[in-house]
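Observations on the model geometry
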Amino acid sequence: GFLIAGLSSYEQDGRQLHYVKFDGISSAPTLTFLFSKVFPISIYLPSVFPLLICFIITSVESIGDISASAEASQVEPNGPVFERRVQ
C-alpha cells in the first residue's frame with residue numbers, strides 16, 4: 001500500500017501533489033544508528049486474559065478442523081499419526 005501511495009499523485013488547483021511527503025526522508029542523515037532513540041514498549045495487562053481465551057478457543061477449534069479433514073479424506077482420525085497431525 002505504501003509503495004502505491006508513494007508513487008501516486010493527484011492534481012489540485014493546477015499543482016501536482018503527492019500522497020506521501022518525502023521531506024523527512026530527504027533531510028535524514030545518510031547513516032544513522034538505528035537504536036539511538038529508545039521507545040517504551042509495554043503490554044496492556046487487561047488485554048492478556050482475553051487474548052489467552054482467544055488462543056485457547058482457536059486451538060480447540062483447530063483440533064476439530066483437523067479431525068473433520070481427517071474423516072473427510074478417509075484417514076484414520078485417531079492413533080499416533082493423527083496425534084502428530086494435531087501437534
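Residues numbered from 1 in each chain as written. Predicted model: local features only at pLDDT ≥ 70, side-chain atom pairs only at ≥ 80, totals over all residues. Heavy atoms only, no water.

As for helix α3 (residues 48-72)
Over its 25 residues, α3 extends 36 Å from the first C-alpha to the last, a length consistent with the 36 Å expected when each residue adds 1.5 Å. Q74 sits one or two residues past α3 and shows a positive phi near 60°. (Helix = DSSP H or I, 4+ residues; strand = E, 2+ residues; numbered from the N terminus. Expected span 1.5 Å × (residues − 1).)

Here's the deal with the environment of I4
Secondary-structure assignment places I4 in helix α1 (residues 2-7). Judged by its relative accessible area of 60%, I4 falls in the exposed class. In this structure the C-alpha to C-alpha distance between I4 and Y19, which are 15 residues apart in sequence, comes to 9.5 Å. (Buried < 20%, exposed > 50% of the residue type's maximum accessible area, 1.4 Å probe, protein only.)

Concerning a nonpolar patch on the surface
On the surface, F49, L52, I53, F55, I56, I57 and V60 cluster together into a nonpolar patch covering about 710 Å² of accessible area. Here I56 is to be found in helix α3. (Patch = residues over 30% accessible without salt bridge, like charges linked within 9 Å, V, L, I, M, F, W, Y side chains within 5 Å. Areas by Shrake-Rupley, 256 points an atom, 1.4 Å probe, with all protein chains shown as cover. Salt bridge = Lys/Arg side-chain N within 4 Å of Asp/Glu carboxyl O.)

Things to note about the pairing of strand β1 (residues 9-12)
Within a regular strand, side chains alternate between the sheet's two faces. Pairing geometry for β1 and strand β2 (residues 15-18), over 4 bridges, is antiparallel. Bridge pairing links S9 to H18 in β2. Linkage of β1 to β2, two consecutive antiparallel strands, is achieved through a turn of 2 residues, within which D13 is found at a positive phi near 55°. (Pairing = 2+ DSSP bridges.)

So, unusual backbone geometry
Phi at Q74 takes a positive value of approximately 60°, unusual for a residue other than glycine. Looking at the secondary structure, you find Q74 in the loop between α3 and α4 (80-86). Judged by relative accessible area, which is 75%, Q74 ranks as exposed.

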